[in-house]
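# Remarks on the overall topology
Take a look at the letters that make up each chain.
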Amino acid sequence: MENSQDHFEVLRKIQKEPETTQRKLAKDLGFSLGKLNYCLKALKEKGLIKTRNFKKNPNKINYFYVLTPRGISEKTRLTLNFMKRKMREYDELKDELKYEDNLNMENKNYGFVGRLSKKFPSQVMVDLTEVCNLACIHCTHPEFKLSTVYGKRMLDPELNKKMIKEVSTVGKGITKYIRYTSNGEPLVHPRSYEMIQDAVENSGTKVTLTTNGTLLNEKRMFKILKTGLHMIDISTDAASNDTYKKIRVGGDLDVTRSNILKLLKLREEANSKTKIIVSFVEQKENSHEVEDFKDYWQQRDVDEVLIRRLHSNSGSNLVDKLKSSDNQKNRRPCLYPWERVILNARGKLAFCPTDWYAKSELCSYHDKTIQETWQNTFYKDLRSQHIQCKFSNKFCKQCPDWRNTSWPFDENKSYADLVEKVLYNESV
């Protein structure tokens, strides 16, 4: 390796300045004359350089060096290797800097900072159902439907009431919003509108809904606006129908787009305060349409256009296997154990919103409360594992999605930051 590097430096210098003395060549390269002569001899023996006489010029030595065609090819090969090596060194340096950042985690204050509270989660996610009417390619749902975990479950409305009461009392002033979403399509739940309205009227906090928007006919639009819902996030993921059909299998962009435009019109007519945002999960199949998507919706009356990062659903739907196998020393704590709890359609409390196979479930919400679960030893130990980057929890250990979570002090903004911006009028 050392000889290759030396040969590369000599060949590069000779090609740039063939009419130079050995002494100057040695000085420029930082070589001794002995080392330079050794390199020159080796290069000549390999047929990479040749010498030519300089007898007509008394100020020059009596020969100079010229790269042979073979020498030029070799220099090109060594140049490419040199560039690859430097790129590896650059990547290694970046990894070292990341590692140093991890060693100084206390300076970044990972833990209960900003809106995050050790008393109660700042965000409660509610999965209303396991059923979905689409089969999106970036989603685990098509595989989930084939698993033994799937059961077409619908959340018990009584558990929704229990959650609302707990948020309104213990979580008062702490829980920034309740987010109705799903390992499915929330509006499939036959009592979804009633359950959402109950949360809006009685939780004492903001309420949001994430939906694919395909079921929003005019009657349902009136119902959703009537609930007083604070924000509706409609996942669209495409600017053209061809792309939409590839990503949101079973859907039609013309229908979804028409639904959104109709909802915007009805909101204006009803003088509703519901915020409407459209979102786009960027991925290989639609990345070419990001700007078209933004341009189209920014000219309409939507309150925000959100471009989301693609994640792997806790490794169950890997989008980047190379990243998922990164050395653990380069990871930082995932935000979720400090931010949210999930009430899923099975009536269980869980710690991870991207878990499809019940691997992050903690207990039945019939038997426990969010407060006691949030403050229990399991959660405390899980947070400690993330801070120390030493995992006994296999589910978290194998998950690559920690990199897609953003802490309150990060430059990259999270969904919670979006909610603060749109619903609390805070600058982000």
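Rules used throughout
Going along each chain's sequence as written, the residues are numbered from 1 onward. Two thresholds apply to this predicted model, a pLDDT of at least 70 for residue-level local features and 80 or more for giving and counting side-chain atom pairs, whereas whole-chain, interface and lining totals are computed over all residues. Side-chain metrics in this entry use all non-hydrogen atoms of the structure; hydrogen atoms and water are not considered. In this text, helices come from DSSP runs of H or I with a minimum length of four residues, and strands from runs of E with a minimum of two, each type numbered from the N-terminal end. Relative accessibility thresholds used throughout: buried, under 20% of the residue-type maximum; exposed, over 50%; partly exposed, between the two (1.4 Å probe, protein chains only). Contacts are assigned to residue pairs with any non-hydrogen atoms lying within 4.5 Å of each other. Working definition of accessibility: Shrake-Rupley area with a 1.4 Å probe, residue cover restricted to the visible protein chains. Following DSSP output, two strands are said to pair if at least two bridges run between them. Each axis is a line fitted through C-alpha atoms, and for a helix only the stretch in contact is used; angles between axes span 0 to 180 degrees, taken between their N-to-C directions. Think of a polar contact as two N or O atoms within 3.5 Å of one another; within protein, one of them needs to be a possible hydrogen donor and the other a possible acceptor, and neighboring residues in sequence only count if both atoms come from side chains. Assignment of crossover handedness uses the view with strands pointing away from the viewer, where a clockwise path from the first strand over the helix to the second indicates a right-handed crossover. Confidence scores here are pLDDT values: one per residue, from the predictor, ranging 0 to 100.

### A word on the overall build of the protein
A count of helical and extended segments in the protein gives 18 helices and 13 strands. Buried residues in the protein amount to 50% of all 428 residues. Within the protein, counting contacts between residues at least 6 apart in sequence, those at least 24 apart form 72% of the total. Split by element, the accessible area of the protein, about 21,900 Å² in all, is 48% carbon and sulfur.

### A few points about the sheet that holds strand E10 (residues 304–308)
Read from one edge to the other, the open sheet built from nine strands follows the order E10-E9-E7-E6-E5-E3-E11-E12-E13, with strand pairing classed as mixed. For this open sheet the edge positions go to E10 and strand E13 (361–364), each flanked by a neighbour on one side alone. Sheet twist, expressed as the average angle between the axes of neighbouring strands with direction ignored, equals 25°. Pairing between strand E6 (residues 206–211) and strand E7 (residues 231–235): four bridges, direction parallel. Looking across to E7, one finds that Thr 210 is bridged to Asp 233. The sheet contacts of helix H12 (residues 290–298) involve strand E9 (275–281) and E10, and relative to E10 the element is tilted by about 165°.

### Observations regarding the side chain of His 386
If you trace the backbone, His 386 turns up in helix H16 (residues 377–388). A polar atom in the side chain of His 386 sits 3.3 Å from the backbone nitrogen of Cys 334. Beyond its immediate stretch of four places on either side in the chain, His 386 contacts Arg 331, Pro 333, Cys 334, Pro 337, Trp 338, Phe 391 and Cys 396.

### Concerning the pairing of E6
The element E6 is largely enclosed, with a buried count of five among its six residues. Of the pairings in the sheet, the one linking strand E5 (residues 177–181) to E6 comprises four bridges and is parallel in character. For Ile 178, the partnering residue across the bridge sits in E6 and is Val 207. Regarding the hand of the β-α-β motif, the stretch spanning E5, helix H8 (residues 192–202) and E6 is right-handed. Chirality of the crossover, the property in question, places the unit of E6, helix H9 (residues 218–226) and E7 among those that are right-handed.

### Digging into the confidence of the model for the protein
Overall, the predicted model of the protein reaches an average pLDDT of 86, with 83% of residues at or above 70. Across residues 318–327, confidence stays below pLDDT 50; counting only partners more than four residues off in sequence or on other chains, it has nine contacts.

### Some points on the pairing of E7
Two faces, one strand: in a regular strand the side chains alternate between the faces of the sheet. Among the five residues in E7, five count as buried, and that is most of the element. Of the two faces of E7, the one holding Met 231, Asp 233 and Ser 235 and the one holding Ile 232 and Ile 234 are both buried throughout. One ladder, built from five bridges, connects E7 with E9; its direction is parallel. Bridged to Met 231 within E9 is Lys 275.

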